[in-house]
Amino acid sequence: MDQEKIKQAIELLLEGIGEDVSREGLKDTPERIARMYEEICSGYDQDPAKILSRVFTVPDSEMVVEKDITFYSLCEHHMMPFFGKAHIAYIPKGKVVGISKLARTVEVFAKRLQVQERMCGQIADAIMDNLSPEGVMVVLEAEHTCMTMRGVKKPGSKTVTVATRGAFAVRDDLREQFYSLLKMG
Ligand code: ZN
């Protein structure tokens with residue numbers, strides 16, 4: 001990541017909105033923001049295949065659900081945060097991963113400039129490609145600050161996206177089972 005370029009861009013942005021870049025409170029802001037982007041856009045350098053490579057063998061294939069995985073991302077249209085929860089279900093075909101790996105997979109895709117629909121599909125595809133389960137389903141619910149802080153200004157409104165692969169794409173009963181598990185406390 002080119003920290004210097006980000007720094008210059010923030011200086012220009014501050015000038016553009018009519019700020020005095022040299023005043024005390026803003027003196028270190030460009031550098032601070034450059035460092036911040038290093039963290040909030042760190043997903044580009046990470047490979048979900050690596051994260052999902054440590055698998056455990058299981059005999060049966062019951063649905064595995066990991067819900068309420070908190071994530072923060074940036075919408076690529078406004079570079080404003082969108083944040084919420086990811087819920088993941090998959091039906092293993094002999095292979096499972098540690099629960100924390102699902103959360104890390106969400107993180108890899110969240111820490112890039114995103115579109116919620118695409119992020120939802122990327123998480124599903126990463127699990128499908130690396131674990132080869134019977135099926136996977138991902139639900140993301142998020143508040144987009146580009147919609148709640150500006151524009152249509154609907155505070156608290158949530159955008160929900162769903163991605164289904166394999167058995168979840170063709171079987172209503174599996175989707176319903178997942179939704180009913182999401183409703184439990
Ligand atoms: Zn946006």
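Definitions and cut-offs
- Residues numbered from 1 in each chain as written.
- Predicted model: local features only at pLDDT ≥ 70, side-chain atom pairs only at ≥ 80, totals over all residues.
- Heavy atoms only, no water.
- Core = buried A, V, L, I, M, F, W, Y, C linked by side-chain atoms within 4.5 Å.
- Buried < 20%, exposed > 50% of the residue type's maximum accessible area, 1.4 Å probe, protein only.
- Helix = DSSP H or I, 4+ residues; strand = E, 2+ residues; numbered from the N terminus.
- Contact = heavy atoms within 4.5 Å.
- Phe/Tyr/Trp six-rings, centres within 6.5 Å; stacked < 30°, edge-to-face > 60°.
- Patch = residues over 30% accessible without salt bridge, like charges linked within 9 Å, V, L, I, M, F, W, Y side chains within 5 Å.
- Areas by Shrake-Rupley, 256 points an atom, 1.4 Å probe, with all protein chains shown as cover.
- Salt bridge = Lys/Arg side-chain N within 4 Å of Asp/Glu carboxyl O.
- Lys, Arg positive; Asp, Glu negative; His and termini not counted.
- Charge placed at Lys NZ, Arg CZ, Asp CG, Glu CD.

A. Up close: the nonpolar core. Grouped together as the largest cluster of nonpolar side chains are 27 residues, with contacts concentrated most on F71, I88, M119, I123 and I127. Breaking this core down by element, the ones donating at least two residues are β2 (64-75), β3 (81-91), β4 (95-97), α4 (99-110), α5 (116-131) and β6 (135-144). Considering each element in turn, this core owes the most residues, 7 residues, to α5. Ignoring sequence-local partners within four residues, the contact set of F71 consists of F82, F83, G84, K85, A86, V106, A110, M119, L140, E141 and A142.

B. Representation of the packing of aromatic side chains in the model. For the coordinates displayed, the defined rule picks out 3 aromatic pairs. With 5.7 Å between their ring centres and 20 degrees between their planes, Y72 and F83 make a pair best called stacked. Here Y72, found in strand β2, pairs with F83, found in strand β3; they are 11 residues apart in sequence, far enough to count as distant. Given the relative accessible area of 28%, F83 is considered partly exposed.

C. Layout of a negative patch on the surface. Judged by side-chain charge, D2, E4, D28 and E31 come together as a negatively charged surface patch. By the element assignment, D28 lies in the loop between α1 (3-16) and α2 (29-40).

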